[in-house]
Amino acid sequence: MREKQLNLSPSPGDEVKTTTCYMCACRCGIKVWLTDGKIRYIQGNPAHPVNQGVLCAKGAAGIMQHYSPARLNKPMLRIGERGSGEFREIEWGEALQLATDWLKPIRERNPDELAFFTGRDQSQALTGWWAQQFGTINYAAHGGFCSVNMAAGGLYTLGGSFWEFGEPDWEHARYFMLWGVAEDHDSNPIKLGLGKLKERGAKIVAVNPVRTGYGAIADEWIGIRPGTDGLFAFALIHELLKADRIDLDYLVRYANAHWLVIRNPGGADDGLFARDADGNPLCWDRNSSAEANAGSIDISPAVVGEFTLVDGRVVVPVFQLIADRYLDPQYAPEKVTERCGVPAGTIRRISRELAEAAFESNLTLPIAWTDAWGREHSEMVGRPVAMHAMRGISAHSNGFHTCRALHLLQLLLGAVDTPGSFRYQPPYPRPIPPVNRPGKTRNEHGVLNAPPLGFVHTPEDLLVDANGQPRRIDHAYSWAYPLAAHGMLHTVIRNAHAGDPYKIDTLLMFMANMSWNSAMNTGETMQWLTDKDAEGHYRIPRIIYSDAYASEMVAYADLVLPDTTYLERHDCMSLLDRPISDADGAADAIRHPVFDPATQATNPAEHPRDVRGFQSVLLDLGARLGLPGMVHADGSPAYRDYADYIVRHERAPGVGLLAGWRGENGTQHGKGAPNPNQLDTYIANNGFWREEIPEHARYFKMANRGYLEWAQRFGFIGGTEPIVLQLYSETLQTFRLAAQGHGALRPPQEHRERVATYFDPLPFWYEPFEGAELSASAKPESPARHSHGGGTSAKRAERPQHGPEGASEASHPWTLPSADEADSNVRMDPSLRSHDGKNDSVTEHFPLSAITQRPMFMYHAWGSQNAWLRQIATRNWLYLHPSTGAKYGIANEDWVDVTSHHATITVQARFANNMQPDTVWSWNAIGKRKGAWKLAKDAPETEKGFLLNHLISDKLPKSDYANADPVTGQAAWFDLRVSIRKADTRDADRESAPQFAPLQFDAADNRPLRYGAGFRRRTPR
Ligand code: SF4
């Protein structure tokens, strides 16, 4: 009998196109297989550096994202009341003319009357530039809502950050701590990396109130109480200092541990670095018993003690201040254990394990390298302790200092960009703080002097008026939120409604579901969007919104500009914005259209979709407005579309959005003239470009001459000076001094105590604001009263040499203050006292923390309307620990009222053991408003699903500040405190509450979205 010939590897389709996934923020390479012009299969691209072929469930379900019934089809103009969802379809010509007519007078009158805010925008290199050319200071993306604390905490300390801009050394780490990480940014690389750690038997410790996602495979789970991670980190630091398990060589070589801080309480220079006439920071050289340039080599700087400079100023090294602060008994494990919910013994053990992994692994790489001072090293000494942190740390009102605390912990272990530790991804590290300051003045052409978002260095960089009041509509870069480097998306709608600090005319938003899952205080936000003044005019006069899908926010727009799906567009993951680099190479990537949207009707009965990529629309609009840079001298558009812009736009001579294949012939990388064939070359190269960092330049990037020269060639940094890591932040101290009455620019009286308190140059922990304000007794005593200078007279002990590695192998016996010697200024943080069992109303009335987790199978509202991903979950539950249920008389699947100081929701509870018992949690963004996303009218997402956002206030309970971090303005939605009680019903048919009037979009599509059956009829090739 003849054997039947089986095709064991049939081609998945007729044609394949490579592009970049956008089912989450990770930016994996994908191969989209097509059959008969339809997507047959999405495959991870094995040639792509981000995911190396790995594809997650979200990525595979991109087919349903592309064919979603919720896709918008045409521009729409509101015809009903705002919020009703009643629109008429219009042509693009009319839509763009309307937008031009609205925006042109604004630009002529006052560009700041346009507030341009984007959501999960991966094109900020364009959108920020567009805002700059328009001349509005009121621009930001969603980082202020997401994780600016993570970015700012890192950039003001390390010149880099976790997020997706750094990574653990997956090849060499032996101890890995994940802090507050759920699955989103850097998703597949973390999965791949965790696999490598598991293979090598490295220990993985997950610190998170809930054990989900990556934490599920951790060797140890620390079920910490939300908002106390900083306290836990300080207890680890306390133990490491006590045990003398600190890498002082590293700290002196790469950080500012030996820089001298002026001790002059009440003086204008108190807490600043002592500098020489040329501005160089000073240290105390033990060899010469004299001050010296702290950047010198072949000196022996003191790290503890108190010294008097020749000019009579009293100074103390940074490390002395660190020892003074964190050796204080308030940070002892037994002092923090109750508040953190982590046993003191566990804290001690983990500190021992960290030290053992860092100092006893004897990891060295036999790679010769030269440091920034020209010293040659025969090997790279490792500290194989890696950390990664994300939103669980960041989205608290104490998140900035907690992020700084984690970086301090890493630095004390010598575990930043050493083999085995956290590693920078190019273009990081950058100078600290990064050199680009926020734009604040307009030139004669109405263009801002810099993009609206940047990094504040001193109070002079703030955007405040002569009276110290905010200049931005979101109050970013004001005295209330000075380092708001990502803007404050979460405050825009309240302030625009209130006209605070002024009225705006038009709110332009892109991909930001601000009336629903991207809002804090959803109820009031919807009301602000629709509220009218006495004359019957909307208080926010005009809203233009661009989205690809019929999200809840679409209903609140006056003009809707329909965006494409991610398979119909050009995009650019640029080194000017959010590249796809890894620690061993710089890389960027593109998306390019797999389909023309005109051919992608939702179903054959419908007319073709008439949608355009938002970035192309923005450039078109810019040209119609005559914005500088977007028109030629004759007024014609400078760019055909976004693809043309990606190729031809130069931010500086030779610097464009893509770094690969530049120069007319495509032979230059990094810098070079525009190459008209650049996109084709990217497409031929799987959609990305990557250049490897030379092997000798891959670690110690902040002070590795090879790396600094390589990075300078690409324009990542301006020079090759070492980047000194900032344990102690002089930037923060300049703000504190201003609050204490020094300098030309000082905060208004009402902000002084706040600025003086929270601009502490060394990280500290304080009770998250919502809980603190709800607690009558938890009025914080200002750590501002802590002199940065301490008061301990430390002995002059042996100090490490600032010389070649190993030169200071002697022990590091800095002098420790005894209890009665301890600085009288360093007091027990009063907020800790409030948790010594005496904290009253917060524990009594709102005894639980409530947080969300990001489902690993969904990415925001996008994913939870996806037909395939909805098969995993169509609703969410309020998860609580069984012991918590028993305590409050709640049974599994009971309906419960969940009450915050702001609102009450009624939802269904489910028991789960994977959580800290004083915390309740739910999946993020699954709940939907009826009528939105073209889900069936009885979709479980709308009936049983819910948002915790309804409970979260955008304001603090008592003070007039935003519910945000006082340093960066980061939205503090993880600070939420609630009470729970059994609701009055067990009715299985009841709906979650609150419910809102159904949106009147086109009739909801109740048909099940079936896809793919037709492919089965085809004979496999
Ligand atoms: S991790 Fe994110 S980008 Fe990567 S395949 Fe999954 S959804 Fe796509």
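Here, every reference points to the structure presented above.
A short tour of the structure in this document, coming up. Model, not experiment: these values are computed from the prediction.

1. A look at the sheet that holds strand β12 (residues 260-262)
As summarised here, the arrangement of the 3 strands in space is β12-β16-β15, forming an open sheet in which the pairing is antiparallel. At either margin of the open sheet sits one strand with a lone partner, and together these are β12 and β15 (307-308). In terms of strand pairing, β15 meets strand β16 (residues 314-317) through 2 bridges, oriented antiparallel. Bridge assignment links T308 to a residue of β16, and that residue is V314. Against the sheet, helix α10 (residues 318-326) contacts β12 and β16, and its axis sits at roughly 70 degrees relative to β16.

2. What about the site of the ligand?
Inspection of the region around the ligand gives C21, M23, C24, C26, R27, C28, L55, C56, K58, G59, S187 and N188 as its neighbouring residues. The residue makeup of the shell around the ligand, split by class, is 7 nonpolar, 3 polar and 2 charged.

3. A look at the pairing of strand β27 (residues 585-591)
Each regular strand displays side chains that alternate between the two surfaces of the sheet. Buried residues dominate β27, accounting for 7 of its 7 residues. On β27, burial covers both faces: G585, A587, A589 and R591 on one face and A586, D588 and I590 on the other are all buried. Of the pairings in the sheet, the one linking strand β26 (residues 571-573) to β27 comprises 3 bridges and is antiparallel in character. Directly across from D571, in β27, lies its bridge partner R591. Bridging between β27 and strand β30 (residues 688-692) involves 5 bridges; their strand directions are antiparallel. Residue pairing across strands places D588 opposite W689, the latter belonging to β30.

4. Let's talk about the packing of aromatic side chains
For the structure shown, the criterion picks out 48 aromatic pairs. When the centroid spacing of 4.9 Å and the interplanar angle of 15 degrees are considered together, the rings of W284 and F307 count as stacked. Note that W284 is positioned in strand β13 (residues 282-285) and F307 in strand β15, a separation of 23 residues in sequence. Comparing W284 with F307, the two get one shared label, buried. Connected via pairs of aromatic rings, a cluster forms that spans F116, W130, F134, Y139, F510 and F614. Stacked on the ring of W933, the Lys or Arg K928 has its end atom at 5.5 Å from the ring centre.

5. A short note on helix α22 (residues 749-758)
Among the residues of α22, those classed as buried are H751, R754, V755, A756, T757 and Y758. Its buried side turned inward, α22 meets α14 (399-412), α21 (730-739) and α23 (769-774).

6. Regarding the nonpolar core
Grouped together as the largest cluster of nonpolar side chains are 309 residues, with contacts concentrated most on W130, M177, W179, F232, L251, F319 and L354. Setting aside its immediate chain neighbours within four residues, W130 contacts L103, L114, F116, L618, G622, L625, L627 and M630.

7. With respect to the sheet that holds strand β7 (residues 139-140)
Pairing within the open sheet is mixed, and its 7 strands lie in the order β5-β4-β25-β24-β23-β6-β7. Unpaired on one side and paired on the other, β5 (87-89) and β7 mark the two borders of the sheet. With 3 bridges joining them, strand β4 (residues 76-78) and β5 adopt antiparallel strand pairing. Each residue of the ladder has a partner; that of R78, found in β5, is F87. Packing against the sheet, helix α4 (residues 124-134) makes contact with β6 (114-118) and β7, and its axis sits at approximately 175 degrees to β6.

8. Re the environment of D610
Secondary-structure assignment places D610 in the loop between β27 and α17 (614-624). On the basis of relative accessibility, which here comes to 24%, the residue D610 falls in the partly exposed class. Through-space distance from the C-alpha of D610 to that of E844 is 56 Å; in sequence the pair is 234 residues apart. Filtering out sequence-adjacent residues up to four positions away, D610 remains in contact with N73, K74, P75, E91, W92 and P562.

9. Notes on unusual backbone geometry
Following I432, the chain continues to P433 via a peptide bond in cis, the omega torsion being -15 degrees. You can see P433 is positioned in the loop between β22 (422-424) and α15 (492-498). For the bond running from D500 to P501, omega is 10 degrees, close enough to zero to count as cis. You will see that Y477, though not glycine, has its phi angle at about 60 degrees, which is positive. Position of Y477 relative to the elements: it lies in the loop between β22 and α15. Even without being glycine, K934 reaches a positive phi, approximately 55 degrees. As for its placement among the helices and strands, K934 is situated in the loop between β35 (919-923) and α28 (940-943). Residue K934 is classed as buried on the basis of its relative accessible area, which comes to 15%.

10. Section: the pattern of salt bridges
Counting across every chain of the model gives 52 salt bridges. Of the charged contacts, one joins K74 and E91 as a salt bridge, the two residues approaching to 3.1 Å between their closest N and O atoms. With K74 in the loop between α2 (62-66) and β4 and E91 in the loop between β5 and α3 (92-109), the pair connects residues that are 17 residues apart, well separated along the chain. Classification of E91 by relative accessible area gives partly exposed; the value is 47%. Salt-bridge contacts for E306 lead to R263; the nearest nitrogen and oxygen are separated by 2.1 Å. Placement of the pair is E306 in the loop between β14 (290-293) and β15 and R263 in the loop between β12 and β13, with a sequence separation of 43 residues.

Calculation criteria
- Residues numbered from 1 in each chain as written.
- Predicted model: local features only at pLDDT ≥ 70, side-chain atom pairs only at ≥ 80, totals over all residues.
- Heavy atoms only, no water.
- Pairing = 2+ DSSP bridges.
- Helix = DSSP H or I, 4+ residues; strand = E, 2+ residues; numbered from the N terminus.
- Contact = heavy atoms within 4.5 Å.
- Axes fitted to C-alpha atoms, helices over the stretch in contact; angles between N-to-C directions.
- Near = heavy atom within 4 Å.
- Nonpolar A, V, L, I, M, F, W, Y, C, P; charged D, E, K, R; others polar.
- Buried < 20%, exposed > 50% of the residue type's maximum accessible area, 1.4 Å probe, protein only.
- Phe/Tyr/Trp six-rings, centres within 6.5 Å; stacked < 30°, edge-to-face > 60°.
- Lys NZ or Arg CZ within 6 Å of the ring centre and 35° of its normal.
- Core = buried A, V, L, I, M, F, W, Y, C linked by side-chain atoms within 4.5 Å.
- Salt bridge = Lys/Arg side-chain N within 4 Å of Asp/Glu carboxyl O.

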